[in-house]
Amino acid sequence: MFDEMIVEFCSPTLAGIKTGNLFSYEYCDYNQFVKDVRRVNIILLKKGIELIPIRCLNHRALIYIFRPSFLEKDFCDKDTSQLLKELGYDTLNAAACVRCLSNKINTINSSKEFPHEIGLFLGYPVEDVKGFIKYKGECSKCIGCWKVYGDVMKAEDTFDRYKKCTNDYMARFKQGTTLDQLAVCA
């Protein structure tokens, strides 16, 4: 079940065409969940992919799967780096940025807003993340994997690639291809 959810929600990252993915996972047994996380990380770390439970609360985990090398490259972009700095991140250290994001998510309460910069950790275009923050999620040009405020054609092409990748990976997984075989080195 755990592996299948990873394939269902994270195929573009496994395939090396996306920086990261985020999904929610409900577990019954915390100790088994920790074992599953460790087992999967042994598989994925060899491929340059990391799995981090960003938040665990009430038998539900928010899981972030990402390629640290892609994240570092994304954070070298001038506009991305500037936005993250304005929001309190040290962009010279991607691991510290992930910890900062996790801390922000874990301290959310009724008076705090969800950290919308999370889109930058998922490889979304900075212009779309800025637009989402500026317009509070309203007035987007189109909606797919994220709300688009910039280049619609490029975003729609990307959405299509992600969908094709996920469909292909899910079909292969259901035919017996393992997570280790699906995850590529990139």
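Not measured: the values here are computed from a predicted model.

Cut-off values and rules
- Residues numbered from 1 in each chain as written.
- Predicted model: local features only at pLDDT ≥ 70, side-chain atom pairs only at ≥ 80, totals over all residues.
- Heavy atoms only, no water.
- Buried < 20%, exposed > 50% of the residue type's maximum accessible area, 1.4 Å probe, protein only.
- Helix = DSSP H or I, 4+ residues; strand = E, 2+ residues; numbered from the N terminus.
- Pairing = 2+ DSSP bridges.
- Axes fitted to C-alpha atoms, helices over the stretch in contact; angles between N-to-C directions.
- Contact = heavy atoms within 4.5 Å.
- Phe/Tyr/Trp six-rings, centres within 6.5 Å; stacked < 30°, edge-to-face > 60°.
- Lys NZ or Arg CZ within 6 Å of the ring centre and 35° of its normal.
- pLDDT = per-residue confidence, 0-100.

A. Local environment of helix α7 (residues 126–135). When we look at burial in α7, the residues that qualify are Val126, Asp128, Val129 and Gly131. Following α7 by one or two positions, Lys136 has its phi on the positive side, about 55 degrees.

B. Structural view of the sheet that holds strand β3 (residues 60–66). A sheet is described by the order of its strands in space; here 3 strands give the open sequence β1-β3-β2, paired in antiparallel fashion. Strands at the two margins of the open sheet, each flanked by one partner only, are β1 (20–26) and β2 (50–57). Pairs of neighbouring strands in the sheet enclose a mean axial angle of 20 degrees, with direction left out of account. Two strands pair when backbone bridges link them, and β1 and β3 are joined in this way by 7 bridges, in the antiparallel orientation. Within β3, the residue paired with Phe23 across the bridge is Ile63. Sheet strands touched by helix α1 (residues 2–14): β1, β2 and β3. Its angle to β1, the strand with the most contacts, is close to 160 degrees. Each of β1, β2 and β3 is contacted by helix α2 (residues 30–45), which is oriented at about 160 degrees to β2, the strand it contacts most.

C. Structural context of the packing of aromatic side chains. Following the criterion strictly, the structure yields 14 aromatic pairs and no others. Between Tyr25 and Phe33 the ring centres are 5.9 Å apart and the planes differ by 20 degrees, which places this aromatic pair in the stacked class. When its relative accessible area of 3% is taken as the criterion, Phe33 is described as buried. Members of the aromatic cluster, each reached through a chain of ring pairs, are Phe2, Tyr25, Tyr27, Tyr30 and Phe33. For Arg67, the ring lying beneath its charged end belongs to Phe70, and the centroid distance is 5.5 Å. Over the face of the ring belonging to Tyr169 we find Arg172, whose NZ or CZ atom lies 5.2 Å from the ring centre.

D. Summary view of the confidence of the model for the chain. Averaged over every residue, the pLDDT of the chain is 94; the share at 70 or more is 98%. Here helix α5 (residues 94–106) stands out as the least confident element of the chain, with mean pLDDT 92; helix α8 (residues 152–174) is the most confident, with 98.

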